[in-house]
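If you want the building blocks of each chain, they are given just below.
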Amino acid sequence: MVDAEKLKPMANAIRMLAVDAVEAANSGHPGLPMGAADIVTTLFVHHINVDPAHPEWPNRDRFVLSAGHGSMLLYALYHLLGFEDFPIDELKRFRQLGSRTAGHPEYGHGRGIETTTGPLGQGLATAVGMALGERILNAEYGDDIVDHRTFVLASDGDLMEGISHEAISLAGHLKLNKLTVIFDDNGISIDGPTSLSESGDVIQRFEAAGWAAERIDGHDAAAIDAALKRAAISDKPTLIAAKTQIGFGSPNKANSSKAHGSPLGAAEVAATREALGWTAAPFEVPEEIRDSWRIAGLRAAQSHREWRQHFDAMDAEERATFERRKRGDLPGEFAPAMAALREQLKEERPALATRKSSERILNTVNSLLPETVGGSADLTGSVNTKTDQLAGIEPGAYGGRYVHYGIREHGMAAAMNGMALEGGLIPYAGTFLTFSDYCRPAIRLSALMGLRVVYVMTHDSIGLGEDGPTHQPVEHLAALRAIPNLVTLRPCDIVETADAWEIALTHDGPTVLVLTRQNLPTLSVEPGGENRSKRGAYKIREAEDTPLATLFATGSEVEIAVDAATQLTGLGIPTDVVSVPSMDLFEEADDDYRSAIIGEAPVKVAIEAAVRFGWDQIIGRDGVFIGMKGFGASGPYKELYEHFGITPSAVVAAVRERLGR
């Protein structure tokens, strides 16, 4: 039984800390923390299991503030509960450079922030991945080790964004009943009432997607408590649409857009203090209320101790594997196995599309790493992400390691972020490179958070052929390379594909593997098991004499470069060929290495079936570019390469013209 009278001043502490912080920063969103304070107070006092003394306890419940603009709700809550990273001085520095209390919650800034939110819809979709990751790990380790819930506080904007449709559909299909979304249904957006742009029935929408859904009064503690209890025993994910008043307590700005995205102002702050009966000075919390919050913070400590007993009783080897996976370490046998695989592939020299090469590499990877979870956006047979070791995950049955995401690229990418944040899992999934645009906002958040997520993007150029320019990416490589902390890899053969997977699995951040539809010969045949791609570029063919030309290429165009170099050498023009599987890694290489690879040949040519953007850092503005200047066309891929002039003969002609030969 909840004590509503006791909870009211606890909620008011959240409200006033949020108001004070926004006022001090002269920037922020006070309305949501004021409106949703009753919801999170009941949730954290009576339901959610988090241990402020151990914020990274593996079996804690997860709380995602998808409505990230209301970040002071989270910071005030964590301060009151006793999270070490959120002392009162951090609240006073809200939205200031270098503070943990950024304008939107930033993963890694303070322990307790489960994910970066701000772009609306992303938190909700990421939470679906967290809930799925929890079920996968539960199927593997059992209830004693992994059994927790994921809670989301979402705004009207979260539910308007298109990604929310993908996310709730997937969660409903998979019956992720450990997921509870609380909708802060305040009916207000920046422009005014949500009725300006929205008239749908959110309850019917979620029910149609396979969720349990209900409406409650978001300021009634007993109603909130009862709804959360029903969610805890549901066999479906649950939506609780909690009707609230934005800016609750503000006499003149509550229930209006005036409370949404700007400080209340000194006069309204004073009026709000009076209306709420809050007599404490700014950033001060009465001792009795602070004690009530600290007691609430201790509630989950017993659950944590019980979990620790179960964890310590695990088989030693199983416990060590669990800990290794949660740390993000790979097993010791991984690197030697990949080196041996490279040597084997160099002996075999198969001619395969790199999407098929990736499938072969994944057979080794998925055998070595039980933490990998594959998937695709309804393109499994095309992107080759499912190997023999991976059974499919089905509604209510989570013992597999392969997710059929359906045609939900954006939701897929965000869900992978959630699985990575859950910990102990390495998610990867595939679609066509041209559809990376659908994934881009979630990919950007992968990079911002530094998550180990692997995006497998196939059908990477005009080489896909007849599907035509809608499916033929030309600008996408440049767009992906522009994202900080994202490593984009375009391997030229099966050996470089093995390199790429090893890089992806050891990189502290996301990677994109860009793979072909058409077959490619094995060109990386230098003896040994070394990963030659790890510095981004290397000489795959070296001239016997001082080179007069250096050809730089990626992926399928390395074969063109090698053929052109052979012809040029026959014409008495010594030519180096540099494979550039990753511009991102090459940019990080030391200056001496970069200088040695770029060299001083008088003619430098870049060859890539994409736009030139980004290549001038290697070949200079005076360098020759053989590639795309516009969109592609529909036709057999060999004819397309001829049509667009991406051929060995075009390279030879360009070099000879520059040399006057």
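Residues numbered from 1 in each chain as written. Predicted model: local features only at pLDDT ≥ 70, side-chain atom pairs only at ≥ 80, totals over all residues. Heavy atoms only, no water.

What about helix α5 (residues 122–141)?
Reasoning step 1: Its 20 residues give α5 an end-to-end C-alpha distance of 28 Å, which sits within 8% of 28 Å, the value for a rise of 1.5 Å per residue.
Reasoning step 2: Burial analysis of α5 places 18 of its 20 residues in the buried class, which makes it a mostly covered element.
Reasoning step 3: A positive backbone phi angle near 90° is found at Gly142, which sits one or two residues after α5. (Helix = DSSP H or I, 4+ residues; strand = E, 2+ residues; numbered from the N terminus. Expected span 1.5 Å × (residues − 1). Buried < 20%, exposed > 50% of the residue type's maximum accessible area, 1.4 Å probe, protein only.)

Focus: the packing of helix α1 (residues 4–25) against helix α10 (residues 266–276)
Reasoning step 1: Relative orientation of the contacting elements α1 and α10 amounts to 170°, with a least axis distance of 11 Å. If you check the angle between α1 and α10, you find them roughly antiparallel. For the pair formed by α1 and α10, the contact residues are Asn12, Arg15, Met16, Val19, Asp20 and Glu23 on the first element and Ala266, Val269, Thr272, Arg273 and Leu276 on the second.
Reasoning step 2: Classifying every residue of the contact of α1 with α10 gives five nonpolar, two polar and four charged. (Axes fitted to C-alpha atoms, helices over the stretch in contact; angles between N-to-C directions. Parallel < 35°, antiparallel > 145°, perpendicular 65-115°, else oblique. Contact = heavy atoms within 4.5 Å. Nonpolar A, V, L, I, M, F, W, Y, C, P; charged D, E, K, R; others polar.)

Regarding the packing of helix α2 (residues 31–46) against helix α9 (residues 221–232)
Reasoning step 1: Direction vectors running N to C along α2 and α9 enclose 55°, while the axes themselves pass 9 Å from each other. As far as their axial angle goes, α9 and α2 are oblique. Considering only the axes of α2 and α9, their crossing is right-handed. Here α2 contributes Asp38, Ile39, Thr42, Leu43 and His46 to the contact with α9, which in turn contributes Ala221, Ile224, Asp225 and Leu228. (Left-handed = near helix turned anticlockwise from the far one by under 90°.)

Things to note about the pattern of salt bridges
Reasoning step 1: Applying the stated criterion to the full structure yields 29 salt bridges.
Reasoning step 2: A salt bridge links Arg62 to Glu422, with the shortest nitrogen-to-oxygen separation between them at 3.6 Å. Residue Arg62 is located in strand β1 (residues 62–65), and its partner Glu422 is located in helix α17 (residues 409–422); the two are separated by 360 residues in the primary sequence. The exposure classification of Arg62 matches that of Glu422, with both residues buried.
Reasoning step 3: Measuring nitrogen to oxygen at the nearest pair gives 3.8 Å for the salt bridge that ties Asp312 to Arg308. Of the two residues, Asp312 and Arg308 both sit in helix α12 (residues 301–312), four residues apart, roughly one turn of that helix.
Reasoning step 4: A relative accessible area of 46% places Asp312 in the partly exposed class.
Reasoning step 5: By relative accessible area, Arg308 is classed as partly exposed at 34%. (Salt bridge = Lys/Arg side-chain N within 4 Å of Asp/Glu carboxyl O.)

Overview of the environment of Ala549
Reasoning step 1: Mapped onto the elements of the fold, Ala549 is located in strand β17 (residues 549–553).
Reasoning step 2: According to the relative accessible area criterion, Ala549 is buried, its value standing at 0%.
Reasoning step 3: Distance in space between the C-alpha atoms of Ala549 and Ala601 is 5.1 Å, their sequence separation being 52 residues.
Reasoning step 4: Those residues in contact with Ala549 that sit more than four places away from it in its chain are Pro574, Thr575, Asp576, Ala601, Val603 and Val655.

Looking at the side chain of Asp51
Reasoning step 1: Within the secondary structure, Asp51 is located in the loop between α2 and β1.
Reasoning step 2: Comment: no salt bridge for buried Asp51; closest opposite-charge side chain is Arg305, at 6.9 Å. (Lys, Arg positive; Asp, Glu negative; His and termini not counted.)

Focus: the layout of surface pockets
Reasoning step 1: The volume enclosed by the largest pocket comes to roughly 800 Å³.
Reasoning step 2: Along its surface, the largest pocket is lined by 37 residues, and Tyr107, Lys326, Ala420, Leu421 and Gly423 are the ones closest to its centre.
Reasoning step 3: Those elements giving two or more residues to the lining of the largest pocket turn out to be α12, α13 (316–327), α17 and α20 (494–506).
Reasoning step 4: In terms of residue count, the dominant contributor to the lining of the largest pocket is α13 (five residues).
Reasoning step 5: Of the residues contributing to the lining of the largest pocket, the split by class is 13 nonpolar, ten polar and 14 charged. (1 Å grid on protein atoms, 1.4 Å probe; cavity = no way out; pocket = protein on both sides within 12 Å on 5 of 7 lines; lining within 4 Å. Points joined across faces, edges and corners; volume = space filled by probe spheres on them.)

Some details on the sheet that holds strand β14 (residues 511–514)
Within a beta sheet, neighbouring strands are joined by backbone hydrogen bonds and run either parallel or antiparallel to one another.
Reasoning step 1: Spatially, β10-β9-β11-β12-β14-β13 is the arrangement adopted by the six strands of the open sheet, whose pairing is parallel. Here the strands that pair on one side only, and so sit at the sheet edges, are β10 (402–404) and β13 (487–489). Ignoring which end each strand starts from, the neighbouring axes of this sheet average 20° apart.
Reasoning step 2: By the bridge criterion, three bridges tie β13 to β14 in an arrangement that is parallel. (Pairing = 2+ DSSP bridges.)

Structural notes on the pairing of β1
Reasoning step 1: Alternating residues of β1 divide into Arg62 and Val64 and Phe63 and Leu65, and every residue in both groups is buried.
Reasoning step 2: Relative to strand β2 (residues 150–154), β1 runs parallel, the two being bridged by four bridges. What sits directly across from Leu65, in β2, is Leu153.

Brief notes about the nonpolar core
Reasoning step 1: Within the largest apolar cluster, 74 residues are counted, with the highest numbers of intra-cluster contacts made by Leu132, Leu179, Trp211, Leu239 and Tyr405.
Reasoning step 2: Counting residues per element, this core draws most heavily on α5, which supplies ten residues.
Reasoning step 3: In contact with Leu179, other than residues within four places in its own chain, are Ala127, Val128, Ala131, Arg149, Thr150, Val152, Ala171, Trp211, Pro237 and Thr238.
Reasoning step 4: Membership of the second largest hydrophobic core comes to 62 residues, among which are Ala21, Ala25, Val45 and Ala102. (Core = buried A, V, L, I, M, F, W, Y, C linked by side-chain atoms within 4.5 Å.)

Looking at the packing of aromatic side chains
Reasoning step 1: Counting across every chain of the model gives 14 aromatic pairs.
Reasoning step 2: Arranged with centres 4.9 Å apart and planes meeting at 15°, the rings of Trp307 and Phe311 form a pair that is stacked. Taken as a pair, Trp307 and Phe311 lie in helix α12 at a separation of four residues, close to a single helical turn. Both residues of the pair, Trp307 and Phe311, belong to the buried class.
Reasoning step 3: The ring of Tyr593 carries Arg535 above its face, with NZ or CZ at 3.8 Å from the centroid.
Reasoning step 4: Here the basic side chain of Arg594 rests over the ring of Phe586, its NZ or CZ set 4.6 Å away from the ring centre. (Phe/Tyr/Trp six-rings, centres within 6.5 Å; stacked < 30°, edge-to-face > 60°. Lys NZ or Arg CZ within 6 Å of the ring centre and 35° of its normal.)

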